[in-house]
Amino acid sequence: MSRIDAEMERYRSLMTPPGTWSEGFSLGSVVGVMLIALVLIPGALYMQLLAGQGVGSAAQWVTLILFLEVAKRANAKIGRAQIFVLFYMAGTFAWQSVQHSTPLWPQFLVRSEAALSFGLSGQFPEWYAPSDPAAYETRSFLQSAWLPSLGLLVFKTLFSRLDAAVMGYGLFRITSDIERLPFPMAPIGAQGMMALADDLEGQDSSGGWRWRVFSIGGAMGLIFGLVYLGLPTLSTTVFGPGNGYSVLPIPFVDFTQYTRDFLPAVATGLSFDLGQLVIGMVLPFWAMIGSFLGLVVTMVLNPILYHTGVLRSWMPGDSTVETMFKNNVDFYLSFGIGISLAVAVVGIWGMIRALRQKQQLDAEGGGAPSVPEGRGDIPNRWVLIIYLGATSLYILLAGWLIDWHPGVMCVLLFFGFVYTPLISYVTARLEGIAGQVVEIPFIRELSLIVSGYQGIAVWFIPIPQANYGTQVVLYRKAELTGTKFTSLWKAEATVFPVIMALTLVFASFIWGLAEIPSAVYPYAQQIWELDAKNACLVYSSTMGGYSQFQEALSGGVVLIGLVVGTGLFGLLSAIAAPVTLCYGLVRGLGQTMPHVIIPQIVGALLGRYYFEKKLGLQWGQYVPVLAAGVSCGFGLISMLCIGLVFLAKSANALPY
């Protein structure tokens, strides 16, 4: 146990809070970010369709660079708290590129081949997407037929973000203030912002290394971004779809058809994304080792399952996408549920143990750590009041949309007041320990099937099911940079209406440039049809009659996954294995794609056995700053390419 605690404490001590807290929200930063949003939101939407990764942190670093360069020339002073709020607001705009948070996905799904093959065409409710073919002729959302769908989208976005803000804060108080978890991913953004702040102020309290490491990472990101993303994007714009030139495949290269003879039913391939290599260096070493071991077990297990007839749907010649889909139907859907349940059980047990330890401390007079003064904390009762109020509105609207179906109402109450708080806490602990997320797959689907509802409208109601555990990292970053939490909440309330308005306008613009998906958007063309098949497979389960999804569920396999997962946790704990190894191993057992695990383990090995030997323990401080620099450099190239593409396509669309 002492060895595990030492490893976790090492990550927590990489960066410590300054002890003083500043207000980072100002009118000037809001006006500036809103202007930049005119570039960020269309860029985020376009990159999601092109490469499946949005602009995310790339947009955040570009925003910071622009603001700080302007501040230098204006001799203005921008503190670390203001820098963090700028970073957060830019990330809020980029967040809107998520596939299911825009109307671009519904317009495709209702007309997809998957919907037609599953017999779902014409079954979608009007408040999800209009059924009138005329609504799709002009490829624009700015028409009355789309108003119900857009209204529901705004409602779900508003209350999900409100819940995320308050629940994330409440979980932060538990996992960081009380349990003192390390949060290994938090220093990445925080260290990068510290480097930029030190450069702006003309001083570096770290002795000069922070800015140098950030600059090296930025140069690496620029070069990689130009080769990986810039070349195919710009060449496609100049020479047309299908005539572009790329050095590295996006999103990955698929080896499944070449390994089918000796690795049947195993998805193989490799991602050439430099970011995955750097992530492997940042995350705890034993978490990466565990993920790789889980992948190896999966690669050994799948051929056995194939030859014994368990993975019966796989056919030689299937691609990665087809292999993953068929394996999920045959085995991993149920097994993954069991594995995730094991993680949840371990997380709940950890929560109970932490509460017992807290009670012992209270009895001995130690008590819980006090709330730092001036950090912007709010009373715990407001966390409960806001969450309960928002969740109740969710349930009332959903009940009205499905005519108060009793079975569905029970499901809504379960998700709102039992499942979401529980899974959010488990994920917050996993983020705090290993920088990873846990989900119980298909829990929503199983619950709605059991509810007894007939039809597919139930799949599109606003269900209060979410995982807010990832928000805890945001508050940890704010703490590390000395930013008042109230700054984040003010920024959220200010930028939300801008997000929704610009998302609608630019989604219509991008849809008007070309059909989605099409060859113009390679990621959407390659992946969206798989997503549609998976979605329609689930939707068909409430139509009555035969359901491939229900056939894929096996209680016995779920139980096997639960036993295997909990057994691994118990065994590794008994031999005093690091906590991060336990979670990483279980993560890798869920048929994780090797495309990202392989570069991550390479990065972990390089960091552990090369850079750490050369630089010593300082490497643990360097690598988060390096990762932030790589993300920044990649972001600069991404935004430049997006601007050029939009300029070219806008000019081509003019009537003259």
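Everything numeric here is computed off the predicted structure, so don't read it as measured data.

## Quick notes on the overall build of the protein chain
Then, in step 1: Counting secondary structure elements, the protein chain contains 23 helices and 2 strands.
Then, in step 2: Residues classed as buried in the protein chain amount to 56% of the 656 residues present.
Then, in step 3: Relative to all contacts within the protein chain whose residues are 6 or more apart in sequence, the contacts with residues 24 or more apart total 81%.
Then, in step 4: Carbon and sulfur atoms make up 65% of the accessible area of the protein chain, which totals about 27,000 Å².

## Some details on the packing of aromatic side chains
Then, in step 1: All told, the structure shown has 36 aromatic pairs when counted by the stated rule.
Then, in step 2: Judged by centre distance (4.9 Å) and plane angle (90°), the ring pair of phenylalanine 141 and tryptophan 146 falls under edge-to-face.
Then, in step 3: By relative accessible area, which is 1% here, phenylalanine 141 ends up buried.
Then, in step 4: The exposure class of tryptophan 146 is buried, given its relative accessible area of 0%.
Then, in step 5: Aromatic pair tyrosine 475 and phenylalanine 485: ring centres 5.3 Å apart, planes at 85°, arrangement edge-to-face. With tyrosine 475 in helix 16 (residues 471-480) and phenylalanine 485 in helix 17 (residues 485-513), this residue pair connects regions lying 10 residues apart in the sequence.

## Points about the nonpolar core
Then, in step 1: Counting 91 residues, the largest nonpolar core has Phe124, Trp459, Ile461, Tyr521 and Tyr539 as the members making the most contacts within it.
Then, in step 2: The element best represented in this core is helix 23 (residues 619-653), accounting for 13 residues.
Then, in step 3: The residues touching tryptophan 459, leaving out its near neighbours within four places in the chain, are Arg444, Glu445, Leu448, Ile449, Val538, Tyr539, Ser541 and Thr542.
Then, in step 4: Met89, Leu480, Met500 and Ala604 belong to the second-largest nonpolar core, a separate cluster that totals 68 residues.

## Details of the packing of helix 11 (residues 285-307) against helix 22 (residues 594-615)
Then, in step 1: Following both chains from N to C, one finds helix 11 and helix 22 inclined at 140°, their axes separated by 9 Å at the closest point. When the interaxial angle is binned, helix 11 and helix 22 end up oblique. Of the two elements, helix 11 crosses helix 22, and the hand of that crossing is left-handed. Across the interface between the two elements, Phe285, Trp286, Met288, Ile289, Ser291, Phe292 and Leu295 from helix 11 touch Pro594, Ile597, Ile598, Gln600, Ile601, Ala604, Leu605, Arg608 and Tyr609 from helix 22.
Then, in step 2: For the contact of helix 11 with helix 22, the class distribution of residues is 13 nonpolar, 2 polar and 1 charged.

## Things to note about the packing of helix 7 (residues 147-178) against helix 13 (residues 380-401)
Then, in step 1: Running from amino to carboxyl end, helix 7 crosses helix 13 at an angle of 150°, the nearest separation of the two axes being 9 Å. Taken together, helix 7 and helix 13 sit at an angle that is classed as roughly antiparallel. Crossing geometry of helix 7 relative to helix 13 is assigned as left-handed. From helix 7, Leu152, Phe155, Lys156, Phe159, Ser160, Leu162, Asp163, Val166, Met167, Tyr169, Gly170 and Arg173 reach across to helix 13, where they touch Asn380, Val383, Ile386, Tyr387, Ala390, Thr391, Leu393, Tyr394, Leu397 and Leu401.

## Quick word on helix 17
Then, in step 1: The terminal C-alpha atoms of helix 17 lie 40 Å apart, and with 29 residues this matches the ideal 42 Å at 1.5 Å per residue to within 8%.
Then, in step 2: The largest bend along helix 17 reaches roughly 35° and is located at valine 495, with the proline proline 497 sitting one to four residues downstream.

## Regarding helix 11
Then, in step 1: The first and last C-alpha atoms of helix 11 sit 34 Å apart over 23 residues, in line with the 33 Å expected at 1.5 Å per residue.
Then, in step 2: Within helix 11, burial applies to Phe285, Ala287, Met288, Ile289, Gly290, Ser291, Gly294, Leu295, Thr298, Asn302, Pro303 and Leu305.
Then, in step 3: Glycine 309 lies just past helix 11 and shows a positive phi near 90°.

## What about the side chain of arginine 444?
Then, in step 1: As for its placement among the helices and strands, arginine 444 is situated in helix 15 (residues 443-450).
Then, in step 2: Separated by 3.4 Å, the side chain of arginine 444 and the backbone oxygen of tryptophan 459 make a polar contact.
Then, in step 3: Among residues more than four places away in sequence, those in contact with arginine 444 are Phe415, Trp459, Ile463 and Gln465.

## Description of a nonpolar patch on the surface
Then, in step 1: There is a patch of nonpolar side chains on the surface, built from Leu222, Ile223, Leu226, Val227, Leu231, Tyr245, Val247 and Leu636 and spanning about 690 Å² of accessible area.
Then, in step 2: Broken down by element, the residue count for the nonpolar patch peaks at 5 residues, all from helix 9 (residues 209-239).
Then, in step 3: Locating tyrosine 245 in the fold gives a position in the loop between helix 9 and strand 1 (253-254).
Then, in step 4: Look at tyrosine 245 and you get exposed, because its relative accessible area is 54%.

## Here's the deal with the side chain of threonine 323
Then, in step 1: Turning to its location among the elements, threonine 323 is positioned in helix 12 (residues 320-364).
Then, in step 2: Here tryptophan 314 takes part through its side chain, which lies 3.1 Å from a polar atom of the side chain of threonine 323.

## A short note on the confidence of the model for the protein chain
Then, in step 1: Of the residues in the protein chain, 84% have a pLDDT of 70 or more, and the chain-wide mean is 79.
Then, in step 2: The element-level mean pLDDT for the protein chain is lowest in helix 1 (residues 2-12), coming to 54, with helix 13 highest at 91.
Then, in step 3: Taken together, the stretch residues 1-5 has pLDDT below 50 and engages in 7 contacts with residues farther than four places along the chain or on a different chain.

## Things to note about the pattern of salt bridges
Then, in step 1: For the structure shown, the criterion picks out 10 salt bridges.
Then, in step 2: The residue lysine 490 makes a salt bridge to glutamate 23 at a minimum N-O spacing of 3.5 Å. Of this pair, lysine 490 sits in helix 17 while glutamate 23 sits in the loop between helix 1 and helix 2 (27-51), and the two are 467 residues apart along the sequence.
Then, in step 3: Judged by relative accessible area, lysine 490 falls into the partly exposed class, the value being 40%.
Then, in step 4: Residue glutamate 23 is classed as partly exposed on the basis of its relative accessible area of 31%.
Then, in step 5: Two residues, glutamate 445 and arginine 444, come together in a salt bridge whose shortest N-O distance is 3.8 Å. Like arginine 444, glutamate 445 is buried.
Then, in step 6: Via salt bridges that share partners, Arg173, Asp177, Arg375, Asp377, Arg476 and Glu479 belong to a single interconnected network.

## Focus on the environment of leucine 412
Then, in step 1: Position of leucine 412 relative to the elements: it lies in helix 14 (residues 406-434).
Then, in step 2: Taking C-alpha positions, leucine 412 is 9.3 Å from threonine 391, a pair spaced 21 residues apart along the chain.

## Brief notes about the environment of methionine 543
Then, in step 1: Within the secondary structure, methionine 543 sits in the loop between helix 18 (522-539) and helix 19 (548-552).
Then, in step 2: The partly exposed category is assigned to methionine 543, whose relative accessible area is 32%.
Then, in step 3: Sequence-distant contacts of methionine 543, that is, excluding residues within four places in its chain, are made with Leu120, Gln123, Gln454, Gly455 and Ile456.

## A look at unusual backbone geometry
Then, in step 1: Positioned with a positive phi, arginine 139 is a non-glycine residue whose angle comes to about 50°.
Then, in step 2: Here arginine 139 lies in the loop between helix 6 (113-117) and helix 7.
Then, in step 3: Here arginine 139 falls in the partly exposed class, since its relative accessible area comes to 24%.
Then, in step 4: The phi dihedral of tryptophan 404 is positive, around 55°, even though this residue is not glycine.
Then, in step 5: Positionally, tryptophan 404 belongs in the loop between helix 13 and helix 14.

Criteria and thresholds
Residues numbered from 1 in each chain as written. Predicted model: local features only at pLDDT ≥ 70, side-chain atom pairs only at ≥ 80, totals over all residues. Heavy atoms only, no water. Helix = DSSP H or I, 4+ residues; strand = E, 2+ residues; numbered from the N terminus. Buried < 20%, exposed > 50% of the residue type's maximum accessible area, 1.4 Å probe, protein only. Contact = heavy atoms within 4.5 Å. Areas by Shrake-Rupley, 256 points an atom, 1.4 Å probe, with all protein chains shown as cover. Phe/Tyr/Trp six-rings, centres within 6.5 Å; stacked < 30°, edge-to-face > 60°. Core = buried A, V, L, I, M, F, W, Y, C linked by side-chain atoms within 4.5 Å. Axes fitted to C-alpha atoms, helices over the stretch in contact; angles between N-to-C directions. Parallel < 35°, antiparallel > 145°, perpendicular 65-115°, else oblique. Left-handed = near helix turned anticlockwise from the far one by under 90°. Nonpolar A, V, L, I, M, F, W, Y, C, P; charged D, E, K, R; others polar. Expected span 1.5 Å × (residues − 1). Bend = angle between axes of the 7 residues up to and from the residue. Polar contact = N/O pair within 3.5 Å; in protein donor to acceptor, adjacent residues only side chain to side chain. Patch = residues over 30% accessible without salt bridge, like charges linked within 9 Å, V, L, I, M, F, W, Y side chains within 5 Å. Salt bridge = Lys/Arg side-chain N within 4 Å of Asp/Glu carboxyl O. pLDDT = per-residue confidence, 0-100.

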